[in-house]
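Fold and geometry: a report
This is what each chain is made of:
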Amino acid sequence: MSLTEHLLVLRDDTGRRPLAAVMASGLWKLSGRPMLHEGYSESAFWLRGVMRNDSPVAVTRWLALGSARLQDVQLYVLPPPGLATGEHARQLPQYAGTLYPLAQREVPARNAVFALTLAPGEQRVVVLRVAGSSVIDLSVALWEPTAFREQEGLELGIQLFVLGVALVLVTYALIQGATWGDHGFALTALWIMMALAFSLSFQGYLYRYLLPDGGPSLVHAPATLGCLATLLYLWMSYALVELNRLRPWIRIYGLLSLVLLVMAGWTAVGDYRQSAPVANACAGLCYLVWLVSMLHGWREGLDNARLLVLSFALAWLGMLLKMLELNRLVERSVLPDWHFITLFQLGLLGVGTSLVVGRALQLRRLYDQMQWAMLYTRAHEQLKLEEAVKQRTDELRKALEAADQANQAKSGFLTRISHDLRTPLTSIIGFADLLQTAGGEHAQRGRIIVRSARHMLEMVNDLIDYLCGDPQEMPHPTPLYAHALLHDIGQQGKALARRQRNSFRLQVSPTLPPVLQIDGRRLRRVLGNLLDNAAKYTSEGDIVLTVDWAEGADPGMGVIGMQVIDNGRGIPLQYQGRVFEPFERANADRDQPGIGMGLAIVRQWVQKMGGQIMLQSQPGQGTVVNVHLPAALAREQDIAPHDSRDGSAEHPCIDGNGRLVLVVEDSPEIAALLVEQLDSVGFRVELYKDGQSVMARMAHGQNAPPSLLVTDYLLPDSRGDEILFAARQYLPGVPVLLLSATLRQESDKPEDQEFDAHLLKPVNFTELQENVARLLRMPPLQSEDPNAMDSLMSPTPPPPESVQKALDLIALGAVSELLEWCDDLLQQHPECEDFVTQAREFLRSGDLFEMEALCQFHLY
């Protein structure tokens, strides 16, 4: 219910009169009008009225002022005549307006709203004081709270709908602007966003939801944002209509832009009462000039001029009505604030939608023109294109023939290389198997040769596949014994280090789990290549391989870190970034064998396994290569039965002759394998799955005494140390063989507190037989091939010049050429048959060191 025309009004020109002086004044007069607009006045305005509750119950009503831009509003509720004022003084005054924080108000709203509660039959005098820099709007209404919130929600819902559609247009305009590179769309989006900001500040939503702390800046915001919105609208229109084609408007629009920028700055920081009216007048003048320019452009046939004029008509109507109201040319509120903003925003939607549709039609026309031009160009160029295609086809045919010839040459080259590399490796593996089968002191060396040769054969196969262009196979992680794998790699590292009289050390962290799920084949090749590089570029130095383990963030995962350290020649800084590229080598490395593929293949394998490789090197001080690979924890039971045994040749070397062996192993697969292998050479086996059972058996003195005890280290209920202690106590003199998945660190314990022998899993049948034979002092069986290890006869030496040629071929590692050299030597010097026989044996086994020693011996 509107109360403005029923209230008494008093104008305080000084703006500083207290309530008592105002109430005693005789200048009060009845308003008699439904709305009062006093413009940008420095005076304070007082409104007085009487509120009475005639109902039998207490009533609460909200007293609301119409404008959301009022800066300072104070409410005084005077006590009834004749009553003490002490109780009511605490409630006076109440504050509202954009000058005060929203949290301090009893009723949070974008307008100035006060809650009034009157008891049944109570009558109170209500006095309002309104002041500030903005337009003074003295429209007062009394609301039932629920009705006020419903009206407020209705206004907010309409605004949100309009704002949502406007934001969709903004997004679409930005996308179109970025797609077509059209800054007119970008200016349209900026103008719509600035106009939305103006509407939020004009209706008080900026204060209600974004800047609830209040302050003088909220009063300045509408005029400032209005000037900026007008400026962006001019620039948008100028770009879309292309007014630069009409020369007079270039300077006029530049002048208008300068004026609007000055007015925006003045309203933002200057006296708002003086700047706001001038800014409104300038904005109105700019829109009039804009209308004239658009009509001129319409007349001249410029694109989008008519579209802008027609689409902005609705917004023009709203702005005209609001200007009449703000300048007090009408007595009633023809267009409330939220109606004006809604009408203005609908105008924005009309402008934006019209521009998008119009621009789409324009682009369609341009597209059709381009299509016709393309068809014409295609018809014009078709004959020329056919001739060019014919010529190019002939060139491609010739190129394909050349490529086919090159591919055939490449295939022939790879076939020869494959044969020359794989043939000696096959001989190496065959002779190494003979060494293992023969047993004795050469068996361990034979195992190392077999593993290294197979590793080299796999590397040769990968290199051939790489050169053929075949894709590298994906990693295949499987559960394996980590310590056994590293032990084998360490044996290979020792052999590599000895080539140039280097020392080698393997340091494995005790925290490394015994069983990991990782691609062991790839890991062996990675470390083998790195150790080979370290041995190749280090002479009489030290090579160290360290391995540690770090728990991962995910349960059951971790990172295995490996570091290969040498103190060799090092790598110059300018080559460190290129050593991982194929066929790249430093100048100082040209004297070393190889083609520069090692580190390139290593990086490929590490990356495919999800790891990282880093290199640090200083010339003359050595090189450090760090490799980090993710790995999953695994259990010993996860290892496949065929992976639980080493791939060495399995030939019986001893005869157990019914002797009793106690085996303690909790893994069913490994236990079955041990029983099978020991049983195959004549032993009787008693199997135990835990430590307590075997210790109870040993403590029972009436059982048959065993000849040997074989035990695992990590058991479900005990450890290998406990079983060893029990064996020393109950079975003195019986050797104890430890078969575990972890490397044993060197210890200073007495011999009776150490295991008699230690083997790493997986089980190697030949190595197991050798250790059993040594512990039980058993003689080996006679070899099935008595001629396999016959001593060689003293050969007749060849001529010195022929020996020197062999030494040159040995330096190049040319095994195939050396075999041809042997054939030539035998034809030219038949008396050297014994020498040739010995040399061929060394070459077939791949032992170039012995071959070089043989030649050096006969040369000097």
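Scroll up a little and you will see the structure.
Structural notes, computed from the coordinates. Worth saying up front: this structure is predicted, and the values here are computed from it rather than measured. (Residues numbered from 1 in each chain as written. Predicted model: local features only at pLDDT ≥ 70, side-chain atom pairs only at ≥ 80, totals over all residues. Heavy atoms only, no water.)

A separate point is the overall build of the protein. The number of helices and strands found in the protein is 24 helices and 21 strands. A total of 860 residues make up the protein; the buried ones form 47% of that total. Carbon and sulfur atoms make up 57% of the accessible area of the protein, which amounts to about 44,000 Å² in all. (Helix = DSSP H or I, 4+ residues; strand = E, 2+ residues; numbered from the N terminus. Buried < 20%, exposed > 50% of the residue type's maximum accessible area, 1.4 Å probe, protein only. Areas by Shrake-Rupley, 256 points an atom, 1.4 Å probe, with all protein chains shown as cover.)

In this fold, Arg-110 is placed in the loop between strand S6 (94-96) and strand S7 (113-118). For the pair formed by Arg-110 and Gln-203, sequence separation is 93 residues and the distance between their alpha carbons is 7.6 Å. The residues contacting Arg-110, other than those within four sequence positions of it, are Ala-68, Glu-152, Glu-155, Gln-203, Gly-204, Tyr-205, Tyr-207 and Arg-208. At a separation of 2.7 Å, a polar atom in the side chain of Arg-110 contacts the main-chain carbonyl oxygen of Gln-203. (Contact = heavy atoms within 4.5 Å. Polar contact = N/O pair within 3.5 Å; in protein donor to acceptor, adjacent residues only side chain to side chain.)

Within the open sheet, the 5 strands sit side by side as S18-S17-S19-S20-S21. Their pairing is parallel. At either end of the open sheet lies a strand with only one pairing partner, and these are strand S18 (684-688) and strand S21 (757-760). Strand after strand, the sheet turns through a mean of 20 degrees between neighbouring axes, direction not considered. Pairing between strand S20 (residues 736-740) and S21: 4 bridges, direction parallel. Its bridge partner lying in S21, Leu-738 is registered against His-758. Sitting on the sheet, helix H17 (residues 668-680) touches strand S17 (660-664), S18 and S20, and the angle it makes with S18 is about 170 degrees. Its contacts with the sheet put helix H18 (residues 691-699) on S17, S18 and strand S19 (708-711), and the angle it makes with S17 is roughly 150 degrees. (Pairing = 2+ DSSP bridges. Axes fitted to C-alpha atoms, helices over the stretch in contact; angles between N-to-C directions.)

One way to put it is that helix H21 (residues 800-812) packs onto helix H22 (residues 815-828) with a least axis distance of 10 Å and a crossing angle of 165 degrees. The angle between H21 and H22 places the two elements in the roughly antiparallel class. Taken as a pair, H21 and H22 cross one another with a handedness that is left-handed. Every residue of H22 that contacts H21 at Ser-802, Val-803, Lys-805, Ala-806, Leu-809 and Ile-810 is listed here: Glu-817, Leu-818, Trp-821 and Leu-825. Taken together, the residues that form the contact of H21 with H22 break down as 7 nonpolar, 1 polar and 2 charged. (Parallel < 35°, antiparallel > 145°, perpendicular 65-115°, else oblique. Left-handed = near helix turned anticlockwise from the far one by under 90°. Nonpolar A, V, L, I, M, F, W, Y, C, P; charged D, E, K, R; others polar.)

Summed over the entire model, instances satisfying the criterion amount to 19 salt bridges. Put simply, Arg-52 and Asp-54 hold a salt bridge, and the shortest N to O gap is 3.0 Å. Of the two residues, Arg-52 and Asp-54, both sit in the exposed class. The closest approach of N and O atoms between Asp-756 and Arg-728, which form a salt bridge, is 3.2 Å. Here Asp-756 is found in the loop between S20 and S21, whereas its partner Arg-728 is found in helix H19 (residues 720-730), with 28 residues between them in sequence. One salt-bridge network, in which partners are shared between bridges, spans Glu-665, Asp-712 and Lys-761. (Salt bridge = Lys/Arg side-chain N within 4 Å of Asp/Glu carboxyl O.)

On to a nonpolar patch on the surface. Together, Leu-255, Leu-258, Val-259 and Val-262 make up an exposed nonpolar region whose accessible area comes to about 360 Å². Along the chain, Leu-255 turns up in helix H7 (residues 248-269). With relative accessibility at 53%, the residue Leu-255 sits in the exposed group. (Patch = residues over 30% accessible without salt bridge, like charges linked within 9 Å, V, L, I, M, F, W, Y side chains within 5 Å.)

Before going further, it helps to examine the environment of Gly-520. Relative to the assigned elements, Gly-520 resides in helix H14 (residues 520-536). With a relative accessible area of 9%, Gly-520 lands in the buried category. Not counting chain neighbours up to four residues away, the residues in contact with Gly-520 comprise Leu-480 and Leu-485.

Our focus in this paragraph is H14. Look at H14: 24 Å from first C-alpha to last across 17 residues, which is about the 24 Å you get at 1.5 Å a residue. The buried fraction of H14 is high, at 14 of 17 residues. (Expected span 1.5 Å × (residues − 1).)

A few words now on the packing of aromatic side chains. Scanning all chains against the criterion turns up 13 aromatic pairs. Ring centres 6.4 Å apart and planes at 75 degrees place the aromatic pair Trp-821 and Phe-835 in the edge-to-face group. Placement of the pair is Trp-821 in helix H22 and Phe-835 in helix H23 (residues 833-844), with a sequence separation of 14 residues. One exposure class covers both Trp-821 and Phe-835, and it is buried. Through a chain of ring-to-ring contacts, the aromatic side chains of Trp-191, Tyr-233, Tyr-287 and Trp-290 assemble into a single cluster. The ring of Trp-28 is capped by Arg-48, whose NZ or CZ atom sits 4.7 Å from the centre of that ring. Taking the ring centre of Phe-202 as reference, the NZ or CZ of Arg-69 above it sits at 3.9 Å. (Phe/Tyr/Trp six-rings, centres within 6.5 Å; stacked < 30°, edge-to-face > 60°. Lys NZ or Arg CZ within 6 Å of the ring centre and 35° of its normal.)

Right, let's get into the sheet that holds strand S1 (residues 8-12). The sheet built from 6 strands is open, its strands ordered S2-S1-S3-S8-S5-S6 with antiparallel pairing. Among the strands making up the open sheet, the edge pair consists of strand S2 (29-30) and S6. Of the pairings in the sheet, the one linking strand S5 (residues 72-78) to strand S8 (residues 123-131) comprises 7 bridges and is antiparallel in character. When the sheet's bridge partners are listed, Val-77 is paired in S8 with Val-126.

Let's shift gears to the nonpolar core. Residues Leu-512, Ile-560 and Leu-629 are the most contacted members of the largest nonpolar core, which totals 42 residues. For this core, the element with the highest residue contribution is H14, accounting for 7 residues. Look past the residues within four positions of Leu-629 in its chain and what remains in contact with it is Ile-518, Leu-523, Gly-558, Val-559, Ile-560, Met-562, Val-606, Met-609 and Gly-611. In this structure, Leu-234, Leu-243, Trp-249 and Tyr-287 belong to the second largest nonpolar core, which totals 33 residues. (Core = buried A, V, L, I, M, F, W, Y, C linked by side-chain atoms within 4.5 Å.)

With that out of the way, let us pick up the packing of H7 against helix H8 (residues 272-300). The interhelical angle for the contact between H7 and H8, taken along N-to-C directions, is 160 degrees, at an axis separation of 10 Å. Considered as vectors, H7 and H8 are oriented roughly antiparallel to each other. Between H7 and H8 lies a crossing whose hand is left-handed. Counted by class, the contact of H7 with H8 contains 18 nonpolar, 5 polar and no charged residues.

Now for the side chain of Ser-237. Topologically, Ser-237 is positioned in helix H6 (residues 217-241). By relative accessible area, Ser-237 is classed as buried at 0%. Ignoring sequence-local partners within four residues, the contact set of Ser-237 consists of Glu-242, Trp-290, Met-294 and Leu-308.

Of the two faces of strand S15 (residues 612-618), the one lined by Ile-613, Leu-615 and Ser-617 is fully buried and the one lined by Gln-612, Met-614, Gln-616 and Gln-618 carries no buried residue. Here S15 pairs with strand S16 (residues 622-633) via 7 bridges, running antiparallel. The partner of Gln-618 across the bridge, within S16, is Gly-622. Following S15, the chain reverses through 3 residues before pairing antiparallel with S16; Gly-620 in that reversal takes a positive phi of roughly 85 degrees.

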